[in-house]
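These are the residues of each chain, in order.
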Amino acid sequence: MFKRGTLVVVAFVLAVLLTACGGAPAAPAAPAATDAPVAAEPFKVAVVMPSTETDLAWSQAMIDALRSIQAEMGGEAAMQISISENMFNVTDAAAALRDYASAGNQLVIAHGTQYGTSMFEVARDFPEVSFAWGTATDTGEAEGFTNVFSYNASAEEGGYVNGVIAAMLSTSNVVGIVGPVEAGDAKAYIDGFEQGVLSVKPDSTVNKTYTGSFGDTAAAAEAASTHIAAGADVLTGSAQQVVGAIGVAKERGALWLGTQSSQASLAPDIVVATQLYDWTGVLKDIIAKIQAGTLGGTAYDLTLENGGLKIVFNSAFPGVTPEMQAAVDTAIQGISSGVITVLP
Amino acid sequence: MEQLFTLTTLTGILHSTIRLATPYLFASLGETISQRSGVLNLGVEGQMLMGAFAAFFVVVTTGSLLGGVVAAIFVGALLGLLMALVSVSFRAEQGISGIGMYLLGLGLSSLLFRLTLGSVQSVRGFAELALPGLSSIPVLGPALFKHSLLVYVAFALVPMVAYLLNRTTWGLNIRAVGDNPQAADTLGVPVIAIRYATVTVGGAMAAMGGASLSISAVNIFQENMTGGIGFIAVALVYFGGWRPVGVMLGILLFSLVSALQIWLQLVGIGIPSDLAVMLPYILTIIALALAPRRTGQPAALTRPFNRGMA
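Everything numeric here is computed off the predicted structure, so don't read it as measured data. (Residues numbered from 1 in each chain as written. Chains lettered and ligands numbered in written order. Predicted model: local features only at pLDDT ≥ 70, side-chain atom pairs only at ≥ 80, totals over all residues. Heavy atoms only, no water.)

Our next topic: the domain arrangement of chain A. Residue and element names in this part refer to chain A. In terms of domains, chain A is made up of domain 1 (41-153 + 279-302) and domain 2 (155-278 + 306-337). Each of domain 1 and domain 2 has a C-alpha centre, and these two points are 28 Å apart. Facing 15 residues of domain 1, the contacting portion of domain 2 comprises 17 residues. In total, domain 1 and domain 2 occlude about 1300 Å² of area from one another, counting both sides; carbon and sulfur atoms represent 56% of this. For domain 1, the biggest contributors to the area lost against domain 2 are Leu-56, Ala-153 and Leu-302; these three give 44% of the whole. The interface formed by domain 1 and domain 2 contains 7 residue pairs in polar contact (both at pLDDT 80 or more). Elements with a minimum of two residues in the side of domain 1 that touches domain 2: helix 2 (58-73), helix 9 (280-291) and strand 11 (299-302). Broken down by element, the residue count for the side of domain 1 that touches domain 2 peaks at 3 residues, all from helix 2. (Domains from an automatic or database assignment. Contact = heavy atoms within 4.5 Å. Buried area = accessible area lost by both parts, 1.4 Å probe. Polar contact = N/O pair within 3.5 Å; in protein donor to acceptor, adjacent residues only side chain to side chain. Helix = DSSP H or I, 4+ residues; strand = E, 2+ residues; numbered from the N terminus.)

Written out as structure tokens, the structure reads:
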């Protein structure tokens, strides 16, 4: 017995030593910035997000941006992306953030407001790693953080434009909003949407409900059914839960306006337009800053004016009139130039 | 406020109530059968998810709704068998093995979804079926008799399960096994076989509850789409005192409040949405706390049967 126990201990010590040795060459000192990017290590990004990369909404918008930058930089060899999906449990997310920070990633993205507290804790322990989180406006500068970026989406702007479209499409003059949780970019989008609808048809009825969850597909479906029963013929909604609502809208022939990612693929006949979150510009800027040695301190915001928010019509939807297009252009210009103020 | 008392609203609330009750009915009635034989199956949620996925996958690939239903029942029964193996044959702690079943269903349905379909898509599920004549009754007609087929099936199961449990030899055996398996065993009732049967049927019904979401109410599959329905369904069995009609009444009350809170938000009554979405759960807790009787509880619930050990 004793002999076997000793063997186990020896084997364990050996294993530890081997792992330690194996780990050593993998973490060379960062090479001094030279003009030889070919031989450079790939840029390593990790992202922790609350739903799947194919959620047609919040998480997919981020992944789409990362992948397009990866393709532009030259694929896997130039940029490595690690993804943790379905981190709806914040404790799990915190553990993932810490793992990624210690695994040699240069940028760790905490893609969700709810991850903020955990992210700052990890960021304090890894001052040489850069972090980004959103939607948020706080880079922790006041608390002395120099390695945190924040990103926000002025979702109310595209919400307003979608509201204008909804009002022009609605014949019942009742529109329904399937909200997730009354907070963050979802609330901003919804309030902007309501303002947009009322700007075109002040006597419209805008019905708002919240499911209390970002990912409860069944609850979103029920909310959509309720809106349609209450007379709504155009619907919108926010967060990854909306696929449930879109399924119902498709079944009952109600129209849909999307936000975050394009949802046209799910229901090409009823999705009219989408406010796209395009994080590409933000991420490129963050990566450039990191490569230049600045690890944080900038708070980004997606707006219609800076191109981070885009209103994209679904080309498969036949009901877009020239007047609608013109009204959308007017609204976008008005918001960009400040003539129209959309209150979040 | 007055908008809440219009006929449209009333019909809408009732219609939502009936539709919302459907997945709970399948799952809770199955769980009732299982618990009456003495087995607590806490893995309903996982079985629902697997049923939801199996049905959805078959409908996507073959277009056959019947095929989807058969697939859900098959997969649910299989998981029921597994649950029976663990909790009846291996006599595992039922609460723990149920959690295991939940995690298995959650993980496996997500994994299979990724490997096969990959991204969110929708199917043409069961359409609403207006029952001729009945559906033209004012207010109640469109609320009660304009639903998809699975909704009617779910409600038809209530008297069927009640009949099975209370009026058949089978039911008598199930109840005997759930109350006093040792006594039942000495009388020659096959305790193990009966428990295998009830847990398997319970699994199949839970899976149908999942299918009623993915190919009837929502027509989409998404990972973790049941969002806790399976756990509420287990609570509603206690709530309903282990009697099918009682369980149905509990489900209707829960669904009514769930439907009501959406309408309350919709008509803009001014209560915070965070509070509104909590209402059905608060109600369930209050009702569970106030429910005085535990008399309906099968005496041997959660106790594994071990011949020769009382």
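Quick look at the nonpolar core now. Ranked by internal contacts, the top residues of the largest apolar core, which has 147 residues, are Leu66(A), Ile109(A), Ile165(A), Val272(A), Tyr277(A) and Trp279(A). Among the elements that make up this core, the one with the highest residue count is helix 9 (residues 191-217) of chain B (9 residues). Counting 22 residues, the second largest nonpolar core, distinct from the first, contains Val129(A), Phe131(A), Ala136(A) and Phe145(A). (Core = buried A, V, L, I, M, F, W, Y, C linked by side-chain atoms within 4.5 Å. Buried < 20%, exposed > 50% of the residue type's maximum accessible area, 1.4 Å probe, protein only.)

A few words now on the side chain of Thr259(A). Residue and element names in this part refer to chain A. Tracing the sequence through the fold places Thr-259 in strand 9 (residues 255-260). Classification of Thr-259 as buried rests on a relative accessible area of 2%. Setting aside anything within four residues of it in sequence, one finds Thr-259 in contact with Tyr-189, Gly-237, Ser-238, Thr-274, Gln-275 and Tyr-277.

All names here are of chain A. Across the 5 residues of strand 3 (residues 107-111), 5 count as buried, placing the element largely inside the fold. Judged by which residues are buried, strand 3 turns out to be covered on both faces: Leu-107, Ile-109 and His-111 on one side and Val-108 and Ala-110 on the other are all buried. Where strand 1 (residues 43-48) meets strand 3, 4 bridges bridge the pair, whose relative direction is parallel. Directly across from Val-48, in strand 3, lies its bridge partner Ala-110. As judged from the 5 bridges shared by strand 3 and strand 4 (residues 130-134), these two strands associate in the parallel manner. Looking at strand 4, one finds that Ile-109 is bridged to Ala-132. What joins strand 3 to strand 4 is helix 4 (residues 116-125), and the crossover it makes is right-handed. (Pairing = 2+ DSSP bridges. Right-handed = clockwise from strand over helix to strand, strands pointing away.)

How big an interface is tends to be reported as the loss of accessible area on association of its parts. Between chain A and chain B, the contact holds 34 residues from the first and 30 residues from the second. In this assembly, chain A packs against chain B so that about 2600 Å² is buried in total across both faces, 52% of it on carbon and sulfur atoms. Three residues stand out in chain A for area buried against chain B, namely Glu222(A), Thr226(A) and Glu251(A), and they jointly supply 21% of the buried area on that side. In this structure, the connection of chain A to chain B is made through 4 salt bridges. Where chain A meets chain B, there are 10 residue pairs in polar contact (both at pLDDT 80 or more). Of all the secondary-structure elements, those providing two or more residues to the side of chain A that touches chain B are strand 7 (205-210), helix 7 (217-229) and helix 8 (242-252) of chain A. (Salt bridge = Lys/Arg side-chain N within 4 Å of Asp/Glu carboxyl O.)

Residues and elements named next belong to chain B. On the surface, a nonpolar cluster with roughly 620 Å² of combined accessible area is contributed by Leu-82, Leu-85, Phe-90, Leu-104, Leu-108, Leu-111 and Leu-115. When residues of the nonpolar patch are traced back to their parent elements, those giving at least two are helix 3 (65-89) and helix 4 (94-116). If you tally residues by element for the nonpolar patch, the top one is helix 4, at 4 residues. Inspection of the secondary structure assignment puts Leu-108 in helix 4. In this structure Leu-108 comes out as partly exposed when scored by relative accessible area, which is 31%. (Patch = residues over 30% accessible without salt bridge, like charges linked within 9 Å, V, L, I, M, F, W, Y side chains within 5 Å. Areas by Shrake-Rupley, 256 points an atom, 1.4 Å probe, with all protein chains shown as cover.)

Here the focus is the pattern of salt bridges. Residues and elements named next belong to chain A. Evaluated as defined, the whole model comprises 13 salt bridges over all chains. Where Glu-72 meets Lys-284, a salt bridge forms, and the shortest distance between an N and an O atom there is 2.9 Å. Of this pair, Glu-72 sits in helix 2 while Lys-284 sits in helix 9, placing them 212 residues apart in sequence. Looking at Lys-284, the relative accessible area reads 35%, which means it is partly exposed. The shortest N-O distance in the salt bridge between Lys-208 and Asp-191 comes to 3.8 Å. In this pair, Lys-208 is assigned in strand 7 and Asp-191 in helix 6 (residues 184-200), connecting sequence segments 17 residues apart. According to the relative accessible area criterion, Lys-208 is partly exposed, its value standing at 25%. Given a relative accessible area of 16%, Asp-191 falls into the buried group. Each of Lys-187, Asp-191, Glu-194 and Lys-208 takes part in salt bridges that share partners, so that together they form one network.

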